[in-house]
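Listed here are the chains, written in short residue letters.
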Amino acid sequence: MAFDPMAALREWKQKVASLQERWRGARQENEQLRKEIEQLRRREKQWEQREKQLEQREKQLEQERERLRQENEKLKRQLEEARRANKRQAAPFSRGTRKANPQTPGRKSGAAYGQRHSKAIPLKVDEVIAVPPPAQCECGGSLEVERIESQYQQEIVRQTFWRRFDIAICRCQKCHKRVQGRDPRQTSDALGAAAVQLGPDALALAVQMNKGLGIPHADVAAVLQDGFHLQVNRSTICRAVDRVARRGEPTWHALRDAARRSMVNGIDETGWNVDAQLRWLWVAVSEQVTFCDILPGRGFEQAASILGADYAGWLTHDGWQAYYKFLRAGHQSCVQHLLRRCEDLIKIASPAAARFPLKVQAVLQQALALRDRYHNHEISLHGLWTATGRLEVKLDQVLAHPGRDELNRRFAKHLLHERPYLFTFLYCPGLDATNNVSERAIRALIGARKNWGGNRTPRGARAQAVLTSILQSAKQQGKKPFDVLVELLCGRDPHKILNLVPLTPEVPLCSSLHPPPCCAVPDIVATGPSAGLAATPI
């Protein structure tokens, strides 16, 4: 077979072309692989950066979690301290951490001491005791009397004495009825097995210590035994308390009627146990009368049983919703409660969240300052109402932007409900801005609740309410509770009403003052629970 150079050349060209094509494909593949490698390297760098960012984010989250954990622990400790303080029976005035540099207690020395006082020398002296001089001086020398100085001492007598009443027992010649005499110092007509009794002063002192001072029956018996050598059992004191309460019930009912006639009442309630069951101690305080009752609930039904559902006077209270169902009454929500809530929010809020309670606090303090300016005759009545309108506009602007904090939003919601009743004391000068009068009346019973927790029976709860009302009203009117108890013990008429009850309705403090109709009740009242208040002139 002959060699064909042209065929061989074509074959070689084809092989060269094939090799060139394969080389071009390999080159393109290498280029593509190189690009992929570069892309993977870039992705690797990006992942490394992301990993670093995630590590930083993880550190930040760990720090935030630690901060939240510490804050949570702090809030738990504060909550536990608040719970312990609420349940603490002793030292309720403890303020927690001591000051680093507390002031020195007591009076200041020198000119800064202040006005000095001393007890007056008595006009009558019952006993004079001559104190002889010492036999000799400490050095052994003899003594010569130069003058006589007097020292006075006021002491109590620790003794008891017995009375015997020789009672004339008579028989009516007409109807043959048995009749016996009675001395004003007798507390009972009982004879025979019950002929030995305690006198009115001893019983009144026991009742005053128990109901007026909150001392338990056993401690009252111990005081009478140690102080006056008077042997008394706890059951005797308990029966005496019940007897005085029964005789005081007509006065108690009359005090309730007087509270309903009063134009201004402060009302409040607190928990009270009766037979180990939760009940509520209600207190209504007017200018001259304090009325207490222990009831099974905390709603409007119980409040209406005290003042009447149609009470049309003025009520100062802490903002409890049941009070606003007195549709015919004018309302003043306690400003001090709101200021205390502002202080609590400021203590636990962040700097940004604390702005809202700080603004609310400033507005309420300005309202109190405005009241003081009016009482000091620095502004007129028209100026007072004008400034009050500006304060209302300012408060509305503050309430429109409570922020995102949940506690602030909840507080703003409460303030929006209380908004129509915050500045009533400025539209009616003389009306108290707080419910301190009812708080003070309840505070007198808090000691008794801490000592024995409440009452064992409903009958004891009734006696507690009756005697508390009588004793507190006597204090309000400047009368001695001891004398009132003696009058109850020695009275013969079971229906007698003491002279603690005002005979005429109490005149409102601002009977001649009426604010402009446009400022009396804002429009928001129409949507609240006291929509009927809009018809009541202020």
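Note that the coordinates shown come from a computational prediction; the quantities given were computed from them, not determined experimentally.

**Re the overall build of the protein chain**
When you go through the protein chain residue by residue, the secondary structure sums to 14 helices and 8 strands. When the 538 residues of the protein chain are sorted by exposure, 33% land in the buried category. In the protein chain, of all internal contacts separated by at least 6 residues, the share reaching a separation of at least 24 is 64%. In the form shown here, the protein chain has an accessible surface area of approximately 36500 Å², with 52% of it arising from carbon and sulfur atoms.

**Here we look at the pattern of salt bridges**
Between side chains of opposite charge, pairing is possible as soon as their charged atoms come close. Scanning all chains against the criterion turns up 21 salt bridges. The salt bridge partner of arginine 298 is glutamate 269, with a shortest N-O separation of 2.9 Å. With a gap of 29 residues between them, arginine 298 in the loop between β5 (290–295) and α5 (300–307) and glutamate 269 in strand β3 (residues 264–274) connect regions that are remote in the sequence. Given a relative accessible area of 7%, glutamate 269 falls into the buried group. In this structure, the salt-bridge partner of arginine 373 is glutamate 378, at a minimum N-O distance of 3.7 Å. Look at glutamate 378 and you get exposed, because its relative accessible area is 52%. What you see here is one network of salt bridges that share partners, running through Glu64, Arg67 and Glu71.

**Topic: the nonpolar core**
In terms of nonpolar packing, the biggest core is built from 51 residues, with Trp282, Leu307 and Ile470 touching the most fellow members. Contributing elements (two or more residues each) for this core: α2 (200–212), α3 (217–228), α4 (234–261), β4 (277–285), β5, α5, α12 (458–476) and α13 (481–490). No other element matches α4, which puts 10 residues into this core. Once residues lying within four places of it in the same chain are set aside, the contact partners of isoleucine 470 are Gly248, Thr251, Leu255, Val484, Leu488, Leu498 and Leu500. With 32 residues, the next largest nonpolar core counts Leu370, Ile379, Ala412 and Tyr427 among its residues.

**Some words on unusual backbone geometry**
In this structure, histidine 229 takes a positive phi of about 55° despite not being glycine. Using a relative accessible area of 47% as the deciding quantity, one classes histidine 229 as partly exposed. At histidine 377, a position not held by glycine, the phi torsion is positive, near 60°.

**As for α12**
For α12, with 19 residues, the first-to-last C-alpha span of 27 Å sits near the 27 Å given by 1.5 Å per residue. Following α12 by one or two positions, glycine 478 has its phi on the positive side, about 75°.

**What to know about the environment of arginine 182**
Within the fold, arginine 182 resides in the loop between β2 (178–180) and α2. As for arginine 182 and phenylalanine 165, which are separated by 17 residues in sequence, their C-alpha atoms are 8.8 Å apart. Arginine 182 has contacts with Thr187, Ser188, Asp189, Arg247, Leu489, Cys490, Gly491 and Arg492, leaving out every residue within four places of it along the chain. A distance of 3.2 Å separates the side chain of arginine 182 from the backbone oxygen of glutamine 186, its partner in a polar contact. Polar contacts involving the side chain of arginine 182 include one to the side chain of aspartate 189, which spans 3.4 Å.

**Considerations on the packing of α4 against α5**
To describe two helices that pack against each other, one gives the angle between their axes and the distance between the axes. The interhelical angle for the contact between α4 and α5, taken along N-to-C directions, is 100°, at an axis separation of 7 Å. Classified by the angle between their axes, α4 and α5 sit roughly perpendicular to one another. For the pair α4 and α5, the contacting residues are Arg256, Ala259 and Arg260 in the first and Ala304, Ser305, Ile306 and Leu307 in the second. The class makeup of the residues in the contact of α4 with α5 is 4 nonpolar, 1 polar and 2 charged.

**Considerations on the confidence of the model for the protein chain**
As a general rule, the predicted coordinates of low-pLDDT regions are not to be interpreted in detail. Averaged over every residue, the pLDDT of the protein chain is 85; the share at 70 or more is 90%. Contacts of residues 507–538 to residues separated by more than four positions or lying in other chains number 53 contacts, the stretch itself having pLDDT below 50.

**Thoughts on α4**
Each full turn of the α-helix corresponds to 3.6 residues, which orients residues three or four apart in the same direction. Counted at 1.5 Å a residue, the expected span for α4 with its 28 residues is 40 Å, and the 39 Å between its end C-alpha atoms agrees. At glycine 248, α4 is deflected by roughly 50°, the largest bend along its length, and proline proline 250 occurs up to four residues later in sequence.

**Thoughts on the side chain of aspartate 268**
Position of aspartate 268 relative to the elements: it lies in strand β3. No salt bridge is formed by the buried aspartate 268; its nearest oppositely charged neighbour, arginine 298, is found at 6.6 Å. Among all residues touching aspartate 268, those that are not within four sequence positions of it are Leu281, Trp282, Val283, Asp318, Tyr323, Asn435, Ser438, Glu439 and Ile442.

**Re the pairing of strand β7 (residues 330–333)**
Residues Gly330 and Gln332 of β7 are buried on one face, and the alternating residues His331 and Ser333, pointing to the opposite face, are buried as well. Bridge count for strand β6 (residues 314–317) against β7 is 4 bridges, and the pairing is parallel. In the strand pairing of β7, histidine 317 is matched with serine 333.

**Focus on the packing of aromatic side chains**
Taken as a whole and judged by the stated rule, the model has 5 aromatic pairs. Ring centres 4.4 Å apart and planes at 25° place the aromatic pair tyrosine 324 and tyrosine 421 in the stacked group. Within this pair, whereas tyrosine 324 is found in the loop between β6 and β7, its partner tyrosine 421 is found in the loop between α9 (406–418) and α10 (424–427), the two being separated by 97 residues in sequence. The same class applies to tyrosine 324 as to tyrosine 421, namely buried.

Conventions we followed
- Residues numbered from 1 in each chain as written.
- Predicted model: local features only at pLDDT ≥ 70, side-chain atom pairs only at ≥ 80, totals over all residues.
- Heavy atoms only, no water.
- Helix = DSSP H or I, 4+ residues; strand = E, 2+ residues; numbered from the N terminus.
- Buried < 20%, exposed > 50% of the residue type's maximum accessible area, 1.4 Å probe, protein only.
- Contact = heavy atoms within 4.5 Å.
- Areas by Shrake-Rupley, 256 points an atom, 1.4 Å probe, with all protein chains shown as cover.
- Salt bridge = Lys/Arg side-chain N within 4 Å of Asp/Glu carboxyl O.
- Core = buried A, V, L, I, M, F, W, Y, C linked by side-chain atoms within 4.5 Å.
- Expected span 1.5 Å × (residues − 1).
- Polar contact = N/O pair within 3.5 Å; in protein donor to acceptor, adjacent residues only side chain to side chain.
- Axes fitted to C-alpha atoms, helices over the stretch in contact; angles between N-to-C directions.
- Parallel < 35°, antiparallel > 145°, perpendicular 65-115°, else oblique.
- Nonpolar A, V, L, I, M, F, W, Y, C, P; charged D, E, K, R; others polar.
- pLDDT = per-residue confidence, 0-100.
- Bend = angle between axes of the 7 residues up to and from the residue.
- Lys, Arg positive; Asp, Glu negative; His and termini not counted.
- Pairing = 2+ DSSP bridges.
- Phe/Tyr/Trp six-rings, centres within 6.5 Å; stacked < 30°, edge-to-face > 60°.

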